[in-house]
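Reading the structure
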Amino acid sequence: MAVMTYLEAIRETLRQELRRDDRMIIYGEDVGVRGGVFRVTEGLQAEFGEDRVIDSPLAEAAIVGTAIGAAINGLRPVPEIEFADFIFPAINQIVQEAARIRYRSNGDFGVPLVIRAPFGGGVHGALYHSQSVEALFAHVPGLKVVIPGTPYDAKGLLASAIQDEDPVLYFEHKAAYRSLKGEVPDERYLIPIGKADVKRQGKDLSIITYGLMVSYAQRAAETLEKEGISVEIVDLRSVRPLDVEAILETAKKTGKVLIVHEDNLTGGIGGEVSALIAEHALFYLDAPIMRLAGPDVPAMPYSPPLEHAFMVTPDKIAEAARKLAKF
Amino acid sequence: MAGSDALYGLGLDASKIETMYYYMVLSRALDERMWILNRQGKSAFVISCQGQEGAQVGVAAALDPTVDWVAPYYRDLGVVLYFGMTPRDVMLGQLAKAADPSSGGRQMPAHYGSRAHHILTGSSPVATQVPQAAGIAWAAKLRRQEGVVMTSLGEGSTNQGEFHEGMNFAAVHRLPLIIVVENNGFAISVPQSKEMAITDVAVRAEGYGMPGVVVRGSDLLAVFEATREARKRALEGKGPTLIEIKTHRFTPHSSDDDDRSYRTPEELKAEKKDDAIHLFRQWMIEQQLWDEQRDRRLRQRVKHEVNDATDFAEAALYPDPSTLLAHVYDD
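All of these numbers come straight from a predicted model, not from anything done at the bench. (Residues numbered from 1 in each chain as written. Chains lettered and ligands numbered in written order. Predicted model: local features only at pLDDT ≥ 70, side-chain atom pairs only at ≥ 80, totals over all residues. Heavy atoms only, no water.)

Next up on the list: the overall build of chain B. A tally of helices and strands in chain B yields eleven helices and seven strands. Residues counted as buried form 59% of the 331 residues belonging to chain B. Sequence-distant contacts in chain B: of pairs separated by 6 or more residues, those separated by 24 or more amount to 74%. By element, 51% of the accessible surface of chain B is carried by carbon and sulfur atoms, the whole surface being about 13600 Å². (Helix = DSSP H or I, 4+ residues; strand = E, 2+ residues; numbered from the N terminus. Buried < 20%, exposed > 50% of the residue type's maximum accessible area, 1.4 Å probe, protein only. Contact = heavy atoms within 4.5 Å. Areas by Shrake-Rupley, 256 points an atom, 1.4 Å probe, with all protein chains shown as cover.)

In structure tokens:
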């Protein structure tokens with residue numbers, strides 16, 4: 001077992017899967033010679049050749065559209081969209097095509113496809129290199145949306161996504177790439193898509209979150225522990241499908257729920273999670289459900305004070321949790 | 001424009017010629033029946049192949065359904081019949097029945113698809129099939145499969161970004177792809193002059209580094225020849241070809257359209273003289289490959305097939321509402 005960064009865990013999983021399944025190909029802008037702008041695919045073209053790790057034209061609809069065709073004709077494409085912010089030209093192919101092909105063909109066709117994309121802010125990326133786009137896709141039946149919060153989960157979830165028979169969006173937080181480290185087993189393992197994970201047991205309140213916010217919530221929980229507040233942390237890991245059972249279980253256990261995400265508040269994953277709790281666990285609650293999320297502005301600004309004001313931080317999480325604990 | 005003077009050298013024998021004619025006649029007859037069913041209130045929607053049968057059958061006949069794939073668009077009845085869909089299959093889709101092989105009655109009629117027949121499932125947003133077809137061709141190339149991929153679309157759809165992105169991708173990777181533009185002159189009501197500032201869509205090919213050829217859709221053999229040539233290039237590893245087929249739309253855009261508001265009857269009447277079915281029959285007779293008696297027999301056979309397909313589909317069951325939630329995911 002090695003200690004790896006979140007980025008290394010993703011790279012090693014890609015390497016392992018490329019070795020394991022010769023149907024798998026990787027492509028996208030700069031993924032080949034350059035190894036990706038974040039170096040996630042560094043060294044993979046040298047090892048697997050230009051037929052399997054491929055630099056594509058700068059055209060997102062073609063990246064996803066050709067991946068759909070390649071998947072239908074027997075390959076396992078794992079294309080990368082260089083930044084989640086640039087996924088929008090491919091929405092037609094993702095939502096109208098990949099997501100609907102199994103349904104519209106009555107099960108005759110399937111699209112085993114994993115679209116990897118770095119997302120999230122706090123890295124001086126401004127409006128167009130900081131976005132969280134998961135809620136847009138989580139709305140669409142036919143898609144699966146996976147967002148790992150630790151190096152360990154990054155590996156197991158990516159292997160599952162590549163093995164999946166349906167289109168999976170796999171979002172990687174840019175700020176997590178090098179800041180998160182953890183033990184990652186060398187051997188291949190699978191983490192089922194749609195299964196949440198309790199990252200910390202607690203009794204006073206539950207924080208339900210995903211992605212980079214998992215580690216931020218952990219930092220907040222450590223602070224709060226010193227103040228005598230015991231926090232449970234549920235990492236959703238997949239935002240479609242949601243692990244309804246795990247959500248309800250933690251809500252019933254602590255009676256207080258804080259939902260945290262960096263994506264903006266309105267129409268975000270927090271709305272769906274809180275609706276599930278309100279529908280199925282209302283009478284277990286000791287306080288109103290609380291949401292802490294990015295503000296409803298079009299995207300994250302560049303200038304440091306503005307960026308900081310946008311970001312959900314461990315301090316903001318601790319502050320919200322304190323308020324909830326006191327209710 | 002390429003001519004069709006040379007029959008010999010095209011690899012066509014009398015039987016194949018008759019087969020091509022049969023598929024054009026069958027496409028037209030099935031399509032006409034769909035309109036009757038629509039006007040009888042039995043089918044909510046029709047979108048037609050009428051006027052484009054020469055383009056569709058000419059292209060499909062130059063392909064090999066055992067190894068090639070097609071990613072057609074919603075007018076391509078002639079293509080899907082040639083690739084193995086039966087009249088019964090088509091009518092099951094037209095009447096939205098459970099046994100519709102394309103979608104089990106989930107999609108509007110004419111949104112064909114069948115893995116078994118190498119027909120990619122299609123959608124209503126136009127040109128999405130172009131990058132997908134390039135992807136199928138790409139996988140074929142990487143996996144060293146035999147065969148080529150043909151994708152088709154209307155000229156209006158060539159204004160979509162996905163057409164251009166798909167063309168570019170196919171050219172960069174020298175993919176075994178044939179892009180067929182069935183130019184019927186209209187995007188619903190908008191004439192070509194308001195869709196683009198060029199006369200021939202085929203010139204767009206040059207910008208991507210692939211050949212673009214123009215043929216007349218009423219000239220079945222010219223269409224066949226151009227497609228055969230494109231297929232040969234593709235199999236030789238020379239990459240994609242764009243074929244623009246000048247054709248006509250003899251019907252309104254769909255059963256929900258009324259083309260009298262944007263086309264004159266005279267214009268339509270003149271176009272109907274340039275009908276591949278009529279012209280090919282004449283040519284067959286001139287070549288002494290065909291006669292009136294055989295024509296009557298063939299039309300009787302087609303009428304019987306269309307009646308059978310209609311009766312079969314009308315008697316077939318609708319999908320059970322309990323299947324609404326099926327096939328969202330693999331599990």
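And the narrative resumes.
Chain A puts 40 residues into the contact, and the matching count from chain B is 41 residues. For the chain A face of the interface with chain B, the top three residues by lost area are N73, Y103 and R104 of chain A, together amounting to 22%. At the boundary of chain A with chain B, the tally comes to two salt bridges. Between R102 of chain A and D330 of chain B there is a salt bridge, with the nearest N and O atoms lying 3.7 Å from each other. (Buried area = accessible area lost by both parts, 1.4 Å probe. Salt bridge = Lys/Arg side-chain N within 4 Å of Asp/Glu carboxyl O.)

Under the definition given, this model contains 17 aromatic pairs over all chains. With 4.8 Å between their ring centres and 50° between their planes, Y23 of chain B and Y82 of chain B make a pair best called tilted. Of this pair, Y23 of chain B sits in helix α1 (residues 14-39) while Y82 of chain B sits in helix α3 (residues 77-82), placing them 59 residues apart in sequence. In this structure Y82 of chain B comes out as buried when scored by relative accessible area, which is 12%. What links up through ring pairs into an aromatic cluster is the set Y6, F38, F83, F86 and Y177 of chain A. For the cation-ring pair, K97 of chain B lies above Y318 of chain B, with the distance from its terminal atom to the ring centre recorded as 4.9 Å. Between the NZ or CZ atom of R301 of chain B and the centre of the ring of Y22 of chain B, over which it lies, the distance is 4.0 Å. (Phe/Tyr/Trp six-rings, centres within 6.5 Å; stacked < 30°, edge-to-face > 60°. Lys NZ or Arg CZ within 6 Å of the ring centre and 35° of its normal.)

Time to look at the UniProt feature "domain: Dehydrogenase E1 component" (unreviewed entry) in chain B. In the numbering used here, UniProt assigns the feature "domain: Dehydrogenase E1 component" (unreviewed entry) to residues 23-321 of chain B. The distance from the first to the last C-alpha atom of residues 23-321 of chain B is 35 Å, and the span holds 43% helix and 10% strand. (UniProt positions renumbered as here; feature names shortened; annotations may be inferred.)

Strands belonging to one sheet form pairs held by backbone hydrogen bonds; the direction of such a pair is parallel or antiparallel. All names here are of chain B. The strand order across the open sheet built from five strands is β1-β2-β3-β7-β6, with neighbouring strands paired in parallel fashion. Each end of this open sheet is capped by a strand with a single partner; those strands are β1 (69-71) and β6 (212-216). Across this sheet, the average inter-strand angle for adjacent strands is 20°, counted without regard to direction. Pairing geometry for strand β3 (residues 177-183) and strand β7 (residues 241-246), over six bridges, is parallel. Bridge assignment links N183 to a residue of β7, and that residue is K246. Contacting β2 (149-154), β3 and β7, helix α6 (residues 161-172) crosses the sheet at an angle of about 150° to β3. (Pairing = 2+ DSSP bridges. Axes fitted to C-alpha atoms, helices over the stretch in contact; angles between N-to-C directions.)

Taking the numbering used here, the UniProt-annotated feature "domain: Transketolase-like pyrimidine-binding" (unreviewed entry) corresponds to residues 4-179 of chain A. For residues 4-179 of chain A, the end-to-end C-alpha separation is 10 Å, with 39% helix and 17% strand making up the annotated structure.

Residues F137, F171 and I277 of chain A are the most contacted members of the largest nonpolar core, which totals 83 residues. If you tally residues by element for this core, the top one is helix α5 (residues 129-142) of chain B, at eight residues. Every residue in contact with F137 of chain A, bar those within four places of it in the chain, is listed here: I87, I91, I94, V95, L143, V145, L169, F171 and R240 of chain A. Counting residues in each nonpolar core, the second largest holds 69 residues, with L10, V70, W290 and V302 of chain B among its members. (Core = buried A, V, L, I, M, F, W, Y, C linked by side-chain atoms within 4.5 Å.)

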